[in-house]
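What follows is the residue order along each chain.
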Amino acid sequence: MKTFVCIKYVPDTSEAEVKVNPDGITVDQSRFSFDINDADNYAVEESVLIKEDKGGEVTVLSIGPKQSEVMIRMAMAKGCDQAVRVEDDRIAAHDPLMVARVLAGSIKGQEFDLVLTGCYAADDGHMATGVALAEELGVNHASMVNKVEVLDGKVKVHRELEGGLAEVVEIELPAVLTIQTGGNEPRYAPIRGIRQAQKKELNVVGLDDLGIDPAEVGVDASQVVLEQLYIPEIEAKAEFIEGEPEEKAEKLASILVKGGLL
Amino acid sequence: MGNVLVVAEHRRGELRDISFEMMAVAPRLAADMGGEAVALLLGSGIDDLAKKMAGYGVKVKVVDDPLFENFNAEKYQKALSALLDEQKPAVLMTGHTAQGVDFMPSLAVEKKLPLVTEAIDLLYEDGTLKATRQMYSGKVNATVAFKEAETYLVTIREGALEAPDPAAAGEVEKVDSPLKEDVPYRQFVEYIEAEVGDVDITQSEILVSVGRGLKEDKNLPEIEALAEAIKADIAGSRAATDAGWIPHDRQVGTSGKTVKPKLYIALGISGAFQHIAGMKGAKTVVAVNKDPEAPIFNEADYAIVDDLFKIVPKLTEKLKELKG
């Protein structure tokens, strides 16, 4: 099996304050901590599990800055064999269809059986890149996959539907699968793997190296314009309980009991 | 023609709520764009679904073909590709669901059309269609404008719009199936029901629910002690079930269960939209989270901004004392 796994370096904003920059279309990322996108982490694990089961090799592909190489090395420490990092500021990163075109341009011309990627990126959350990539590559796809079984010339996958229902489908290879979280247990990189990863090949390329016309993937090619970002108004109707932690706990207990909520 | 073509979503003989929710925006948008809202149903033996959909005051086009018995992204894409060529709607709209996300991006690439996903609002103004969507775990809203195109593709977030009441029945029209043959390269096999656990949290009166803030499973006993003190069942967010701290059948949210307890205590849950959708039916909501910007506070009746581990043990102790 020859697999590509596409991963993204994203900020963790789950507990961070997010501020929009004066340009109105970017957010201040200076105080965020970045790591691999959660769903992509599951995609990396799935790619390594498939390699361990069926043999073959896994290539990491990521569009991102120099700092993201920490993440790429970590994926190689877990068992991926080599990596390509694309960096080019001419890519219209706000449009997943443009991003998919760049990823496709990085894969085209090479043999592959599977391309895995997370089904969702925690920063812009389009849920579109992987499925668009399949069309760019002219291959089959299945999205929101949380179980993969490689058969002869095809894969049998479970797609996660709403309410916990699974849809089982079989698709012919080659194919793109977008991986949902929770389907496997992403491993920790072994120390030995971390050492080996330093020696694995990591190619850094731009659009020119890939033979991609910048005019095909830039803001002019994109058919959507990111006009404005803003912080939504908080509609909190909650009564905020104030004080020292112990006081807050006591007040809450009293509200729950005296308010007849228990 | 400025028609808004809405792909009505159904599964196993029932229309899904998103199909009605899209009716909150499609007719208004169509009127602004000089056309009408048209619902499209692809399926097999779906006359009753078509009738129900038409009850929302829209024209319904039905493709009734055994090849559409179960959802298949490749078949949907082929059918919609043909229908776009033939009908040239101004907007093609689907739910941002496991169905919609499985074919809209590839359809957009195939037809070289613009796509905006998971919109929570749409507005047509001065000849430009603009969508509102969210980024960064719901902390930022984005306005995205479409450049002029023959058809705009958009997916709508589930639960973001309120379905209107049914209106005068619209007309139902049968359309020939655009699908001429089966697609051998993608085959539906079966549905597998979600696992059933020991507790059905959809029936729970009181739920103590944990999220990423739990940090690790060795912290669970503190939560269990609280739950025991108030006879609550324990549930969790997607982060908690993905991490294996809480069984999958106790996940609250769009991909898990929809709960409606009298009291919902959310501990260390930021309140991603998918989670909120599963618990907004709770009568009273208490939220403890150290991030003052956490969206869960928009849903809470009582809120504490703090580390849950500083609150929970004392809360348990005090509740035991007060309840005697």
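Residues numbered from 1 in each chain as written. Chains lettered and ligands numbered in written order. Predicted model: local features only at pLDDT ≥ 70, side-chain atom pairs only at ≥ 80, totals over all residues.

1. Here we look at the overall build of chain A
Of the regular secondary structure elements, chain A holds eight helices and 13 strands. C-alpha atoms of chain A, sized along the principal axes, occupy 70 × 45 × 40 Å. Of all 262 residues assigned to chain A, the portion counted as buried reaches 50%. Restricting the contact set of chain A to residue pairs at least 6 apart, pairs at least 24 apart contribute 70%. (Helix = DSSP H or I, 4+ residues; strand = E, 2+ residues; numbered from the N terminus. Buried ≥ 20, exposed ≤ 12 C-beta atoms within 10 Å, placed from the backbone. Contact = placed C-beta atoms within 7 Å.)

2. Comments concerning the interface of chain B and chain A
With 69 residues of chain B at the interface, the matching set in chain A holds 74 residues. When contributions to the side of chain B that touches chain A are tallied by element, the ones reaching two or more residues are α5 (100-111), β7 (115-125), β9 (140-146), β12 (186-192), α7 (238-242), β16 (284-289), β17 (302-305) and α9 (308-323) of chain B. Top element by residues in the side of chain B that touches chain A is α9 of chain B. It accounts for eight residues. As defined by bridge partners, strand β9 (residues 166-172) of chain A adjoins β12 of chain B across six bridges and the pair is classed as antiparallel. Paired with Val168 of chain A across the bridge in β12 of chain B is Glu190 of chain B. (Pairing = 2+ DSSP bridges.)

3. Some details on the domain arrangement of chain B
Residues and elements named next belong to chain B. Per the domain assignment, the segments of chain B are domain 1 (4-174) and domain 2 (201-323). The C-alpha centroid of domain 2 is placed 34 Å from the C-alpha centroid of domain 1. On the domain 2 side, the residues contacting the six residues of domain 1 number seven residues. For the side of domain 1 that touches domain 2, the class distribution of residues is no nonpolar, three polar and three charged. (Domains from an automatic or database assignment. Nonpolar A, V, L, I, M, F, W, Y, C, P; charged D, E, K, R; others polar.)

4. A word on the packing of helix α6 (residues 220-229) of chain B against α9 of chain B
All names here are of chain B. Two elements in contact, α6 and α9, have axes whose closest approach is 9 Å; the angle formed by their N-to-C orientations is 30°. Comparing the axis directions of α6 and α9 gives the class roughly parallel. By crossing handedness, the relation of α6 to α9 is classed as left-handed. Between α6 and α9, the contacting residues are Glu222, Ile223, Ala225, Leu226 and Ala229 on the first element and Phe309, Val312, Pro313, Leu315, Thr316, Leu319 and Lys320 on the second. Looking at the contact of α6 with α9, its residues break down into nine nonpolar, one polar and two charged. (Axes fitted to C-alpha atoms, helices over the stretch in contact; angles between N-to-C directions. Parallel < 35°, antiparallel > 145°, perpendicular 65-115°, else oblique. Left-handed = near helix turned anticlockwise from the far one by under 90°.)

5. A short note on the pairing of β9 of chain B
It is a general feature of regular strands that their side chains alternate between the two faces of the sheet. Of the two faces of β9 of chain B, the one holding Val140, Ala142, Val144 and Phe146 of chain B is buried and the one holding Asn141, Thr143 and Ala145 of chain B is not buried anywhere. Of the pairings in the sheet, the one linking strand β12 (residues 224-230) of chain A to β9 of chain B comprises six bridges and is antiparallel in character. Bridge assignment links Leu226 of chain A to a residue of β9 of chain B, and that residue is Val144 of chain B. Pairing geometry for strand β8 (residues 128-135) of chain B and β9 of chain B, over six bridges, is antiparallel.

6. Comments concerning the sheet that holds β17 of chain B
Taken in spatial order, the six strands line up as β13(A)-β17(B)-β16(B)-β15(B)-β13(B)-β14(B) in an open sheet, and their pairing is parallel. Looking along the sheet, the strands with just one partner apiece sit at the ends: β13 (239-240) of chain A together with β14 (233-236) of chain B. Note: strand β13 (residues 206-210) of chain B against strand β15 (residues 263-267) of chain B, five bridges, orientation parallel. Residue Ser209 of chain B lies in a different strand from β15 of chain B, and its bridge partner there is Ala266 of chain B.

7. As for the sheet that holds strand β10 (residues 175-179) of chain A
For sheets, the rule is that strands pair by backbone hydrogen bonds, running either parallel or antiparallel. Spatially, β11(A)-β5(A)-β4(A)-β1(A)-β6(A)-β10(A)-β7(A)-β8(A)-β9(A)-β12(B) is the arrangement adopted by the 10 strands of the open sheet, whose pairing is mixed. Strand pairing shows two members of the sheet lacking a second neighbour, β11 (202-205) of chain A together with β12 of chain B, which therefore form its edges. When strand polarity is set aside, the average angle formed by the axes of neighbouring strands in this sheet is 35°. With four bridges connecting them, strand β7 (residues 140-150) of chain A and β10 of chain A associate as parallel partners. Each bridged residue has a counterpart across the sheet, and for His141 of chain A the counterpart in β10 of chain A is Val176 of chain A.

8. Digging into unusual backbone geometry
At the junction of Leu173 of chain A and Pro174 of chain A, the peptide bond is cis and its omega measures out at 0° in the coordinates. On the secondary structure map, Pro174 of chain A appears in the loop between β9 and β10. Its identity is not glycine, yet Glu118 of chain B carries a phi of approximately 50°, on the positive side. C-beta crowding within 10 Å serves as the criterion here: with 25 such atoms nearby, Glu118 of chain B is assigned to the buried category.

9. Quick word on α6 of chain B
Residues and elements named next belong to chain B. Within α6, burial applies to Ile223, Leu226 and Ala227. In an axial view of α6, the angular spread of the buried residues amounts to 100°, which keeps them on one side of the axis. Buried residues along α6 sit in contact with β13, β14, β15 and α9. At the C-terminal side of α6, Lys231 shows a positive phi close to 55°. (Arc of directions from axis to C-beta.)

10. Examining helix α3 (residues 96-107) of chain A
Residue and element names in this part refer to chain A. Taking 1.5 Å of rise per residue, the 12 residues of α3 would be expected to cover 16 Å, and the 16 Å separating its terminal C-alpha atoms lies within 8% of that figure. Within α3, 11 of the 12 residues are buried, leaving the element largely enclosed by the surrounding structure. For α3, the full list of buried residues reads Pro96, Leu97, Met98, Val99, Ala100, Arg101, Val102, Leu103, Ala104, Ser106 and Ile107. Note on α3: the residue one or two positions beyond its end, Gly109, has a positive phi of about 90°. (Expected span 1.5 Å × (residues − 1).)

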